[in-house]
Amino acid sequence: MNLYDFTVKTQDGREVSLSDYAGKVVLIVNTATGCGFTPQYTELQELYTSFHDKGFEILDFPCNQFGDQAPGSNEEIHSFCTGRFGITFPQFAKIDVNGDNAISLYQWLTANTKFEGFGMSPMGVMLSGVLKKIDRDYKTTSGIKWNFTKFLINREGEIVERFEPTDMKKLREKIEACL
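Since this is a predicted model, take the numbers as computed values, not measurements.

Concerning the environment of Ala102
Its location among the elements puts Ala102 in the loop between helix H2 (74-85) and helix H3 (104-111). Residue class for Ala102 comes out buried when judged on its relative accessible area of 8%.

Overview of unusual backbone geometry
In the Ramachandran plot, Asp68 falls in the positive-phi region, its phi being about 50° despite a non-glycine side chain. Tracing the backbone shows Asp68 in the loop between strand E4 (56-62) and H2. The backbone phi angle of Phe148 is positive, close to 70°, even though this residue is not glycine. A relative accessible area of 0% means that Phe148 is categorised as buried.

Overview of the pairing of strand E3 (residues 25-31)
The element E3 is largely enclosed, with a buried count of seven among its seven residues. The sheet contact formed by E3 and E4 spans seven bridges and is parallel. From the neighbouring strand, Thr31 faces E4, where its bridge partner is Pro62. Crossover connection from E3 via helix H1 (residues 40-51) to parallel E4: handedness right-handed. Here E3 pairs with strand E5 (residues 150-153) via four bridges, running antiparallel. Of the residues in E5, the one forming a bridge with Leu27 is Leu152.

Concerning H2
Taking 1.5 Å of rise per residue, the 12 residues of H2 would be expected to cover 16 Å, and the 16 Å separating its terminal C-alpha atoms lies within 8% of that figure. Among the structural elements, H1 and E4 are those in contact with the buried residues of H2. Gly86 occupies a position one or two residues after H2 and carries a positive phi of about 65°.

Topic: the pattern of salt bridges
Summed over all chains, the structure comprises four salt bridges. Linking Arg14 and Asp12 is a salt bridge whose minimum nitrogen-to-oxygen distance equals 3.2 Å. The salt bridge involving Glu161 is made with Lys170; its shortest N-O contact spans 2.8 Å. Of the residues examined, Glu161 reaches a relative accessible area of 18% and is grouped as buried. For Lys170, a relative accessible area of 35% gives the class partly exposed. Beyond isolated ion pairs, a larger network of salt bridges with shared partners links Glu161, Lys170 and Lys174.

Considerations on the side chain of Lys145
By secondary structure assignment, the location of Lys145 is in the loop between helix H4 (122-134) and E5. Although Lys145 is buried, it forms no salt bridge, and the closest oppositely charged side chain is Asp135 at an N-O distance of 5.8 Å. There is a polar contact of 2.7 Å between the side chain of Lys145 and the side chain of Thr141. Leaving out residues up to four positions away in the same chain, Lys145 has contacts with Phe66, Phe115, Phe118, Leu131, Tyr138, Arg162 and Glu164.

Some words on the nonpolar core
Leu3, Ile28, Leu44, Phe61, Leu105 and Tyr106 are the most contacted members of the largest nonpolar core, which has 53 residues in total. Counting only elements with at least two residues in this core, the list comes to E3, H1, E4, H2, H3, H4, E5 and helix H5 (169-178). Apart from residues lying up to four places away in sequence, Leu3 is in contact with Leu18, Val26, Ile28, Leu105, Trp108, Ile153 and Gly157.

Observations regarding the sheet that holds E3
Pairing between sheet strands relies on hydrogen bonds along the backbone, with the strands arranged either parallel or antiparallel. Sheet architecture is open: four strands sit in the order E4-E3-E5-E6, paired in mixed fashion. The open sheet has two edge strands, E4 and strand E6 (159-163), and neither has a second partner. Pairwise comparison of adjacent strand axes, ignoring direction, gives a mean angle of 15° for this sheet. Against the sheet, H1 engages E3, E4 and E5, with an angle of about 155° to E4. Relative to E3, H3 is tilted by about 105°, and along the sheet it contacts E3, E4, E5 and E6.

Calculation criteria
- Residues numbered from 1 in each chain as written.
- Predicted model: local features only at pLDDT ≥ 70, side-chain atom pairs only at ≥ 80, totals over all residues.
- Heavy atoms only, no water.
- Helix = DSSP H or I, 4+ residues; strand = E, 2+ residues; numbered from the N terminus.
- Buried < 20%, exposed > 50% of the residue type's maximum accessible area, 1.4 Å probe, protein only.
- Pairing = 2+ DSSP bridges.
- Right-handed = clockwise from strand over helix to strand, strands pointing away.
- Expected span 1.5 Å × (residues − 1).
- Contact = heavy atoms within 4.5 Å.
- Salt bridge = Lys/Arg side-chain N within 4 Å of Asp/Glu carboxyl O.
- Lys, Arg positive; Asp, Glu negative; His and termini not counted.
- Polar contact = N/O pair within 3.5 Å; in protein donor to acceptor, adjacent residues only side chain to side chain.
- Core = buried A, V, L, I, M, F, W, Y, C linked by side-chain atoms within 4.5 Å.
- Axes fitted to C-alpha atoms, helices over the stretch in contact; angles between N-to-C directions.

This is the structure we're talking about:
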């Protein structure tokens, strides 16, 4: 399997094949509008602006599974993101990334990557503390841990690497290497 085997829903409910992104370097990210990481939309838009002409795409999947931090409708979320952060990359329908209702794309992403930790940044330490209270075994499972987890996909539709929400510096370097 690869990225091109999946279909997802647009904000207005239409089915879209991810084969439409064949030959591109793709970053898939689960997002939220009321999260401490929401300002990453600015950095994501900067990456998109810098690399889109070289064959780079960002696919944004709002998700309300972490602290109810994306409670709005698809339209409300999109209006917030375009108005506040000026995003121009594709934003899809709100989804579940974990559990019985996780879309098949995210089932594939988590089945083929491992959680490597949040690092020792203040946000990473804080997230680790929060997750220990929710799930003592969170470090040993591959499920999505929080908003703004990212997956980099190469031009062949294969997963290159998973990035937790606390890791933006390394992401830029990996994107450049894939391009």
